[in-house]
Amino acid sequence: MTQPYRREDESSGERLDRHWNELLQELRLAQTGTQILFAFLLSIAFQNAFQAADNFTHLVYACTLIASALAVALFLAPISLHRIVYRQGLRDRLVTIADYLLRAGLVFLVTAVCGGVLLALDVVVSRPVAIGVVIAVLVWFLTFWFVIPAYVRQTREPDGV
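In this report, we go over the structure that sits alongside the text. Computed from a predicted model, the values in this text were never measured in an experiment.

Calculation criteria
- Residues numbered from 1 in each chain as written.
- Predicted model: local features only at pLDDT ≥ 70, side-chain atom pairs only at ≥ 80, totals over all residues.
- Heavy atoms only, no water.
- Axes fitted to C-alpha atoms, helices over the stretch in contact; angles between N-to-C directions.
- Helix = DSSP H or I, 4+ residues; strand = E, 2+ residues; numbered from the N terminus.
- Parallel < 35°, antiparallel > 145°, perpendicular 65-115°, else oblique.
- Left-handed = near helix turned anticlockwise from the far one by under 90°.
- Nonpolar A, V, L, I, M, F, W, Y, C, P; charged D, E, K, R; others polar.
- Expected span 1.5 Å × (residues − 1).
- Buried < 20%, exposed > 50% of the residue type's maximum accessible area, 1.4 Å probe, protein only.
- Contact = heavy atoms within 4.5 Å.
- 1 Å grid on protein atoms, 1.4 Å probe; cavity = no way out; pocket = protein on both sides within 12 Å on 5 of 7 lines; lining within 4 Å.
- Points joined across faces, edges and corners; volume = space filled by probe spheres on them.
- Salt bridge = Lys/Arg side-chain N within 4 Å of Asp/Glu carboxyl O.

## Concerning the packing of helix α3 (residues 55-85) against helix α4 (residues 91-124)
Moving on, step 1. It is at 8 Å that the axes of α3 and α4 come closest, and there the two elements cross at 160 degrees. On the basis of the axis angle, α3 is roughly antiparallel to α4. In this structure, α3 meets α4 at a crossing whose hand is left-handed.
Moving on, step 2. Across the contact of α3 with α4, the residue classes tally to 24 nonpolar, eight polar and two charged.

Okay, structure coming up:
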């Protein structure tokens, strides 16, 4: 049995600062990829081939673009929140709210990635195959982003922190 990870010498303020810094590192990665995806999606609507696409493609595109925009907003929101509550002694609330924003952003990011995969695959394979592959991609994301972390969290040692 492994020893649980602890930082007993850490004050609550130091812990909040560490959690904030960890969130910032995660947000930097998520923000960059999501902004690139969003920019790429914006360019698709202006392509001649896209203009001639069917209603299904336009609907998938619209949902994907919106999901991507919402993910960008959620990943950037902690920055705005930090600026507004800076030096107000609200680091505890800032970390908690930023955590929720990041989690919600991940949901929209998964949606946007799956929509982008569907848009691309719908061009090169039959629509049923594209939908099947996207379902597999969604299950893949859900497994590694949500199911495994939930399992690890649920099965942690009772005295773990």
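## Section: helix α1 (residues 12-44)
Moving on, step 1. Over its 33 residues, α1 runs 48 Å from end to end, which matches the ideal 48 Å to within 8%, given 1.5 Å per residue.
Moving on, step 2. By the burial criterion, the buried members of α1 are R18, W20, L23, L27, A30, Q31, T34, L37, L41 and I44.
Moving on, step 3. Looking at the buried side of α1, the elements it contacts are α2 (48-51), α3 and α4.

## Side note on the layout of surface pockets
Moving on, step 1. By volume, the second largest pocket is sized at about 270 Å³.
Moving on, step 2. Looking at the second largest pocket, it is lined by 14 residues, and the ones nearest its centre are F50, T57, L119, A120 and V123.
Moving on, step 3. The element best represented in the lining of the second largest pocket is α4, accounting for five residues.
Moving on, step 4. Classifying every residue of the lining of the second largest pocket by side-chain character gives ten nonpolar, two polar and two charged.

## Details of the side chain of H82
Moving on, step 1. Considering the arrangement of structural elements, one finds H82 in helix α3.
Moving on, step 2. Note on H82: relative accessible area 15%, which makes it buried.
Moving on, step 3. When sequence neighbours within four positions are dropped, the list of residues in contact with H82 reads W20, R91 and L94.

## Notes on the pattern of salt bridges
Moving on, step 1. Inspection of every chain in the model, using the stated rule, returns four salt bridges.
Moving on, step 2. Salt-bridge contacts for R18 lead to E22; the nearest nitrogen and oxygen are separated by 3.3 Å. Here R18 and its partner E22 are both found in helix α1, four residues apart, which amounts to about one turn of the helix.
Moving on, step 3. The partner of R127 in a salt bridge is D54, and the shortest N-O contact between them spans 2.9 Å. On the criterion of sequence distance, the pair formed by R127 in helix α5 (residues 127-154) and D54 in the loop between α2 and α3 is long-range, its members being 73 residues apart.
Moving on, step 4. For R127, a relative accessible area of 27% gives the class partly exposed.
Moving on, step 5. One connected set of salt bridges, linked through shared partners, spans D54, D122 and R127.

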